[in-house]
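A closer look at the structure
One-letter residues, chain by chain:
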Number of protein chains: 2
Amino acid sequence: MKDEMNRGYPNPIAKQDVVTLAHGNGGKFSAELIERFMLPRFANEHLNRLEDQATLAISSGRIAFSTDSYVVSPIFFPGGDIGDLAVNGTVNDVAMSGARPLYLSLALIIEEGLPFVDLERILDSIQKAARLAGVAIVTGDTKVVERGSCDKIFINTSGIGILADNIRLGADRIQAGDKIIISGTLADHGMTILTTRNKLSFENSLQSDTAPLADLVQTMLSAAPNIHALRDPTRGGVAMTLNEFAQQTGLGFALEEAALPINDSVRGACEILGIDPLYVANEGKLIAVVRAQEADSLLTAMRNHPLGQQAAIIGEVNAETSKLVTLTTLLGATRVVDIPVAEQLPRIC
Amino acid sequence: MKDEMNRGYPNPIAKQDVVTLAHGNGGKFSAELIERFMLPRFANEHLNRLEDQATLAISSGRIAFSTDSYVVSPIFFPGGDIGDLAVNGTVNDVAMSGARPLYLSLALIIEEGLPFVDLERILDSIQKAARLAGVAIVTGDTKVVERGSCDKIFINTSGIGILADNIRLGADRIQAGDKIIISGTLADHGMTILTTRNKLSFENSLQSDTAPLADLVQTMLSAAPNIHALRDPTRGGVAMTLNEFAQQTGLGFALEEAALPINDSVRGACEILGIDPLYVANEGKLIAVVRAQEADSLLTAMRNHPLGQQAAIIGEVNAETSKLVTLTTLLGATRVVDIPVAEQLPRIC
């Protein structure tokens, strides 16, 4: 790799420079982009081979595979940026199967004119997030499109994780009587994006919760190997995740409003803006559905993990309110938490 | 799945409708998009589970993993569209390792306002291409961005293939004396995009060569198990692929102009427009580097395959012209085929 880095291109990229179409044409500048910006940050035996694909040794008979594109606007926001979001989001989707995420692909679509300082900031963030999540970026792609053909930068990551033989998670395992647990506070990410984008300022500043949940998941599986299902409530929030479960299982999902953990600043912003936190995206939280008998031990294990300190049992599964998500409010009334219909907030992730 | 299809949404999507931001917000319309447009086309046991990741049984100890984003403009062109290009491109990157591609992810970034007829045409094309290539789409993602924030539709696919134990391909295996083989004609895809985008018309209409090469690769590996390296000359064309090999191996790659297979219509367009076909993208061709002793039997096997009928030995590897790609012209002169520098043609794939 050292040899690759010292080729001595005639046109070094200066800090004040911007990405040009030539950086995406597969030629000299594309190679330079990879060698100067990608390899020093993401170097590993797979990526360094510079083939068009990574060849990976797989120690298990089962893998988990997931993909997400990230189009969040703005690309930098309190608590994170499009880079760590793109790592954590896909790591979390892989982890929700119970798998240990190991490998990521990284595909960038860059708008011509993106300053290299912004690109480097995003790549630094990707590097840091990948290291924290314990995943290697093993293959990638960079396209550059003309000004006006995309908005600054879009990122796709796909992830591969290894699944232990005894792990079987999925909506199909959920049963009436199961408890519903959330790993922490609701709506931090979505409210942060909303207020940042619209330049709203609140007394207590909001911050995205973007974080990799794979380690928390492994801790949870050690404490409660029979967890029935895990899912991260991103777009559409807790409301959408539980409605998906309700549709897939035919069961009812009953929530207690009093049990929902919500940061004061987020609660305040939601109240002022008239937004229901159940519908707002999270990027570092998961919902676990688990047998009632295992709920308390699972909760204890979660609360001992840095990313689960505010974990809470927020409701339970029942056989009565078929395919519905319901909420018992603070005043004791019960209402249906329907599937979100209209567009709430585009480009949240 | 039947149950999923019959949920009876109050707002059926009509053919004259367009994609809206609500189709990307993770709510009711997102679910509708998946159930009405994706599942009927791509249904398989993995995708149908509707989890955020696919769980895949892997029968081999090694997999190949690759990703590419597709931003081609125009999205429809003679011989293909962004849909089959996105399937074939990633299938080919996986196949170049010698792996048998099995699974694809499919991530769409759609510009608000894309007509559903265009989306359906692209999805039909993806379905057909996936079937032809023998791959299943097992996980996916759809984002919708505001008008003007992307150009119609961008697609990312990531692919996973299974590698047989005895297969070891890579630039590191290339040796002086090896023959360089191309599987067919040069520059069809790139010249098609260029002339279509600029509405140039030529007497003999050009057509993209987009095709899945995985079956050809398996045929080749049966005929010549010791192939040293395979790569598909996409962006940057044959010139870039061979320059990458030259940089990675430190060897020289000498081409014979007279041996390069080029369709007459492509040759004509290149001459009129002053474009060197060596630098133009291909989307259904591969370059094989193989020991001289195996070259003829490999060539015979390739020519017996529908996608290799015009395969040709186009040059050989030497230890003299270190790190250079050279071309002996029809007139007998030899020139260096350098790495492309300036932007040739953006958004070719």
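Since this is a predicted model, take the numbers as computed values, not measurements. (Residues numbered from 1 in each chain as written. Chains lettered and ligands numbered in written order. Predicted model: local features only at pLDDT ≥ 70, side-chain atom pairs only at ≥ 80, totals over all residues. Heavy atoms only, no water.)

1. Some details on helix H9 (residues 292-303) of chain B
Residues and elements named next belong to chain B. Taking 1.5 Å per residue as the helical rise, H9 with its twelve residues ought to reach 16 Å, and the 17 Å between its terminal C-alpha atoms agrees with that figure. Among all positions of H9, only Glu-294, Ala-295, Leu-298, Leu-299, Ala-301 and Met-302 are buried. Viewed end-on, H9 has its buried residues packed into an arc of 160°, placing them on one side of the element. Exposed side of H9, more than 90 degrees from the buried face: Gln-293 and Asp-296 are the residues found there. Looking at the buried residues of H9, the elements they touch are strand S8 (179-182), helix H6 (214-223), strand S11 (287-290) and strand S12 (312-318). (Helix = DSSP H or I, 4+ residues; strand = E, 2+ residues; numbered from the N terminus. Expected span 1.5 Å × (residues − 1). Buried < 20%, exposed > 50% of the residue type's maximum accessible area, 1.4 Å probe, protein only. Arc of directions from axis to C-beta. Contact = heavy atoms within 4.5 Å.)

2. Some points on the pairing of S12(B)
Residues and elements named next belong to chain B. Of all seven residues in S12, five are buried; the element is thus mostly enclosed. Here S8 runs beside S12; their pairing, made up of four bridges, is antiparallel. Residue pairing in the sheet places Ile-182 in a bridge with Ala-312 of S12. As defined by bridge partners, strand S10 (residues 252-256) adjoins S12 across four bridges and the pair is classed as antiparallel. Residue Phe-253 lies in a different strand from S12, and its bridge partner there is Val-317. (Pairing = 2+ DSSP bridges.)

3. Concerning the pairing of S10(B)
By the bridge criterion, four bridges tie S10(B) to strand S13 (residues 325-328) of chain B in an arrangement that is parallel. Paired with B:Phe253 across the bridge in S13(B) is B:Val325.

4. Comments concerning the packing of aromatic side chains
For the structure shown, the criterion picks out six aromatic pairs over all chains. Between A:Phe245 and A:Phe253 the ring centres are 6.1 Å apart and the planes differ by 20°, which places this aromatic pair in the stacked class. Classification of A:Phe245 as buried rests on a relative accessible area of 0%. Considering the side-chain rings of B:Phe37 and B:Phe116, the 4.9 Å spacing of their centres and the 25° angle between planes classify their relative orientation as stacked. A residue pair is termed long-range when its members are at least 10 positions apart, and B:Phe37 in helix H2 (residues 28-42) and B:Phe116 in helix H4 (residues 116-133) qualify at 79 residues. Accessibility expressed as a relative area gives 6% for B:Phe37, which makes it buried. We classify B:Phe116 as buried; its relative accessible area is 1%. Across from the ring centre of B:Tyr70, 5.7 Å away, lies the NZ or CZ of A:Lys143, which sits over that ring. (Phe/Tyr/Trp six-rings, centres within 6.5 Å; stacked < 30°, edge-to-face > 60°. Lys NZ or Arg CZ within 6 Å of the ring centre and 35° of its normal.)

5. Here we look at the nonpolar core
Formed by 102 residues in total, the largest nonpolar core has its most connected members in B:Leu119, B:Ile153, B:Phe253, B:Leu278 and B:Leu286. Here the element with the most residues in this core is H4(B); it accounts for eight residues. Taken domain by domain, the makeup of this core includes at least three residues from each of domain 1 (13-163) and domain 2 (171-336) of chain B. Counting 101 residues, the second largest nonpolar core, distinct from the first, contains A:Leu39, A:Tyr70, A:Leu230 and A:Val280. (Core = buried A, V, L, I, M, F, W, Y, C linked by side-chain atoms within 4.5 Å. Domains from an automatic or database assignment.)

6. Observations concerning the interface of chain B and chain A
Taken together, the contact pairs 82 residues of chain B with 82 residues of chain A. Where chain B abuts chain A, roughly 6400 Å² becomes buried across the two surfaces, and 53% of that area is made up of carbon and sulfur atoms. Looking only at chain B, the three residues that lose the most surface to chain A are B:Asp52, B:Phe65 and B:Arg235, adding up to 11% of its buried area. Inspection of the region where chain B meets chain A yields ten salt bridges. Here A:Asp68 ties to B:Lys143 by a salt bridge, and the two come within 3.6 Å at their closest N and O atoms. Across the chain B-chain A interface, the total number found is 39 residue pairs in polar contact (both at pLDDT 80 or more). Here the residues of the side of chain B that touches chain A are counted per class, giving 36 nonpolar, 25 polar and 21 charged. (Buried area = accessible area lost by both parts, 1.4 Å probe. Salt bridge = Lys/Arg side-chain N within 4 Å of Asp/Glu carboxyl O. Polar contact = N/O pair within 3.5 Å; in protein donor to acceptor, adjacent residues only side chain to side chain. Nonpolar A, V, L, I, M, F, W, Y, C, P; charged D, E, K, R; others polar.)

7. Examining the confidence of the model for chain A
Residue-level pLDDT values for chain A average 93, and 94% of them are 70 or greater. pLDDT under 50 marks residues 1-10 of chain A. Its contacts with residues more than four places away, or in other chains, come to 17 contacts. (pLDDT = per-residue confidence, 0-100.)

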